[in-house]
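Here is what each chain is made of, one letter per residue.
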Amino acid sequence: MWRWLLKYLFQFLIKKYLVERVLKKWPKQVVFGLLAVFVVLPSIGIISAKVYQFWDDDPDRGAIAIRAGAFGESYRLPEYLDQGWDEADSLWFYNTTQGSALLPYDFLLVLEQPTDPKNPNFKVECERDGKKGAWFLCDKNIDRFRYLPQKRTFSNPDALPVGFVKETYQGKDYAGYTCAACHTGQVNFGGRALRIDGGPAMADMVGFLSELTRAMKQTQGRAARDKQRLKDFVGRVLELNNDYGDGPEIENDLAKWTNARELYNIINHSTYNKREVEYGYARLDAFGRIYNRVLQHTINREQAAEVLSLITVKRDGAVQRLLRGKEIDKVLEGIRGRDNIILRDEEFWEIIVNLQSKESGFPGLDDDQMLLVRDAIFNPPNAPVSYPFLWDITHSDYVQWNAIADNSSLGPLGRNAGEVIGVFGILDWHRDTGLSARFKKYNLAARISGQKNKKEIINFQSSIDLFNLQRLESHLTRLISPRWPFCWDKSKEKYYLPEEPKDRRVDDRDCRGDDEKIDEEMAWRGKKLYGKKCKICHDVIDRDAWDRMVVGKLVGIDSRQSTDRAMANNSVKYKGKSGNFKDTYQGVSVGDVVVREDAPVAQILTAATRGVIATPDADKWWPRRFAEWIYLVVKTLADNPIEASVKAGFYKPDTTANPYNSLRAYRARSLNGIWATAPYLHNGSVPSLYDLLLPVTPKAGRCETSRPESFQVGAREFDPKKVGFKSEGYEGFKFDTNIRGNRNQGHEYGACGMSPAQRWDLIEYLKSL
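These numbers were taken from a predicted model, which means no experiment stands behind them.

Topic: the pattern of salt bridges
Inference 1: Applying the stated criterion to the full structure yields 44 salt bridges.
Inference 2: For Glu333, the salt bridge goes to Lys330, with nearest N and O atoms at 3.8 Å.
Inference 3: Given the relative accessible area of 48%, Glu333 is considered partly exposed.
Inference 4: The residue Asp544 makes a salt bridge to Arg543 at a minimum N-O spacing of 3.7 Å.
Inference 5: For Arg543, a relative accessible area of 11% gives the class buried.
Inference 6: Ionic contacts of the salt-bridge type, sharing partners, join the residues Arg76, Glu79, Arg192, Glu499, Lys502 and Arg509 into one network.

Here it is, written out as structure tokens:
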């Protein structure tokens, strides 16, 4: 019957009405109208976005000087190296939204710093918009977390830090992250600062989020001392005259977003064997956190109930259930999820509150018991890694530290969509009830996410801006690695940064007299050593070649050369509830696998990102929505020079029995610009190149290094001799290499058997790459 009805409708509406009546009567008008709706108007949006990209060309790229900042650092206006980008390129990268929504935009603009109970008199004051106060966005407060403060420019009218942007979604403005927050570095030296586009950030994201959440909680005014704080906050938000028109609406949203941020912090509290694993500066377990966000938005009520029923605890020497059936029913009372298919943020927060409630019928769990619940549903993100540098990423066959992301075809789009999932994209995933749900076999998102044969399918609506993600990825094709800028003063035997001529970038300026940036003789000897000891894994490429290709060589974690295994192991071993993806087919390198209810999170993440990239932006007018989606898919495929290939290196390959085996490895990439990416190894466990190549002692058939067991992280003051940041003589974050995830093991082959002179020769060559 359905087929007959559809056939009749098609014949009547298309053939009889459109062709015979409309086109014959007004053929030109119809054709021009269709062109206007489907081609011209959407094209105007695409073209205007391209034009806007070059409008902000502030000569300082928005950078500002800092006096008496964190760790006593002061530096004048930051300078830039020649990395293939001009002023407009950098500013567009800093200020282009990718769809992240950390909190309402108005809230961030007027939020005050929290009061620290341990140091109640500590506040960083500044003036913003003519008002003096201890604002959260004060430059020195931002600098404390090692984000990079900026001044007002055309594309950043509210002077947000590098990588913080306004995102507009469903008619409301939010403040969120973009790529630049984690992938813009800075090197300080002698009161000067060099900004490194695409370099690893020194940011302490966990510290920032913890303090932001504390500020929001205090602003809620629950304590008597904070009542005036709430009143003042509401008044300032209303003065902005943007998204809010009354106090109750502000207070409701403040509660909602405070709970969302606290929920995120609880889920991602990093532990191993009940011991806290601190990240400190310059690191994040991004994949662990992305994994958890996906699990939070795929699990359904029934699966949550099952997980809670299976948690056990030892009481009086016997293993017992943590929660009784009636307690679980009470905790989940009223929790239905979006159309019984996905739990919302607000519902997850309600579950957390109910689990800890001391009221009659509720379990009243303590902190240790809550940790058991967290670990049953989620996985602890306890393997922090350095923020990767971005130059050459668009020329690489695989990316991420363990090569989890295939960079061919639409791989970059999926990778970047997964990243936005991790950094607070609003995930309005829900049961699809539209026309496309009735014809699942023709629903692209359902097909490529494996749901075409499911009774219900997920609509992957979100704030993730796929159009901008494609543009950001394309933008990176012109980014090149930074060249070594320091000169060696032969007479004083110390390094300096050249000053003249002022109209040239620092790395293009000449050294004084006979001084040199690179000792050619030492570098030549170092090059020979590199060919013997390093090149087998780390290819040498021409940073300026437009057709360069970076083939990462994998080194399996069972190898003696492997560094700390935690991140690679977590990526494969972590599992979770698959929600609506249960019993769907998902493609892996060795064929298709059937997703079980308890599945590898890597499998669930792949399915979810496929659904996201197949879902056009719901925030735009529908002709523009589909025009931009077609444009970004075609552009991604046309511009991407990377084709599917087998992973290179020394690792255990994927098999039908272990389809994720190859992820138990780390990727060795080309080392051009390596001087600007300290601290070293994938987990940032070695402060400098000098420390990486320290003398080794042959022991039990292998070489063991004498790298530092602990050192300080956080300062940006650069040591050109050792090639790394200052790592002692101040109180930053103490990096302890004896903790799982922090170990500085592996990569000894290059240092084994070298004399001190050879080490310095190799370092000199590495500086020249």
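That was the structure; now back to the text.
Some thoughts on helix H12 (residues 345-356)
Inference 1: End to end, H12 covers 17 Å across 12 residues, agreeing with the expected 16 Å (1.5 Å per residue, within 8%).
Inference 2: Of the positions making up H12, those classed as buried are Glu347, Phe348, Trp349, Ile351, Ile352, Asn354 and Leu355.
Inference 3: At its buried positions, H12 is contacted by helix H8 (247-267), helix H9 (286-296), helix H11 (325-331) and helix H13 (367-377).

Overview of helix H21 (residues 622-639)
Inference 1: With 18 residues, H21 ought to run about 26 Å at 1.5 Å a step, and its terminal C-alpha atoms sit 25 Å apart, in line with that.
Inference 2: Among the residues of H21, Pro623, Ala627, Glu628, Trp629, Leu632, Val633 and Thr636 are the ones counted as buried.

So, the confidence of the model for the protein
Inference 1: Mean pLDDT over the protein: 90, with 91% of residues reaching 70 or higher.
Inference 2: The low-confidence segment residues 1-18 (pLDDT under 50) makes 11 contacts with residues lying over four places distant or belonging to another chain.

Thoughts on the pairing of strand E7 (residues 184-189)
Inference 1: With six of its six residues buried, E7 lies for the most part within the structure.
Inference 2: Burial along E7 is two-sided: Thr184, Gln186 and Asn188 facing one way and Gly185, Val187 and Phe189 facing the other are all buried.
Inference 3: Taken together, the six bridges between E7 and strand E8 (residues 192-197) define a ladder with antiparallel strand orientation. In the sheet register, Gln186 faces E8, and the bridge partner there is Arg195.
Inference 4: The loop that links E7 with its antiparallel partner E8 comprises two residues; one of these, Gly190, has a positive phi angle of about 55 degrees.

Some remarks on the sheet that holds strand E26 (residues 648-650)
Inference 1: Strand order across the open sheet formed by three strands is E26-E21-E27, with mixed pairing between neighbours. Looking at strand neighbours, the two that pair on one side only are E26 and strand E27 (665-668), the edges of this open sheet. Taking each pair of neighbouring strands and ignoring which way they run, the sheet shows an average axis angle of 30 degrees.
Inference 2: Where strand E21 (residues 553-556) meets E27, four bridges bridge the pair, whose relative direction is antiparallel. In the strand pairing of E27, Lys553 is matched with Ala668.

Re the side chain of Thr737
Inference 1: Its place among the elements puts Thr737 in the loop between strand E33 (733-736) and helix H23 (756-768).
Inference 2: The exposure class of Thr737 is buried, given its relative accessible area of 6%.
Inference 3: At 2.7 Å, the side chain of Thr737 and the backbone oxygen of Glu709 are in polar contact.
Inference 4: Here Thr737 is in contact with Ser685, Pro708, Glu709, Phe711, Asn742, Arg743 and Asn744, once residues within four sequence places are set aside.

Topic: the sheet that holds strand E6 (residues 172-177)
Inference 1: In space, the three strands of this open sheet follow the order E2-E6-E5, with antiparallel pairing throughout. Unpaired on one side and paired on the other, strand E2 (103-104) and strand E5 (164-169) mark the two borders of the sheet.
Inference 2: Of the pairings in the sheet, the one linking E5 to E6 comprises six bridges and is antiparallel in character. In the sheet register, Glu167 faces E6, and the bridge partner there is Tyr174.
Inference 3: Packing against the sheet, helix H6 (residues 205-219) makes contact with E2, E5 and E6, and its axis sits at approximately 145 degrees to E6.

Calculation notes
Residues numbered from 1 in each chain as written. Predicted model: local features only at pLDDT ≥ 70, side-chain atom pairs only at ≥ 80, totals over all residues. Heavy atoms only, no water. Salt bridge = Lys/Arg side-chain N within 4 Å of Asp/Glu carboxyl O. Buried < 20%, exposed > 50% of the residue type's maximum accessible area, 1.4 Å probe, protein only. Helix = DSSP H or I, 4+ residues; strand = E, 2+ residues; numbered from the N terminus. Expected span 1.5 Å × (residues − 1). Contact = heavy atoms within 4.5 Å. pLDDT = per-residue confidence, 0-100. Pairing = 2+ DSSP bridges. Axes fitted to C-alpha atoms, helices over the stretch in contact; angles between N-to-C directions. Polar contact = N/O pair within 3.5 Å; in protein donor to acceptor, adjacent residues only side chain to side chain.

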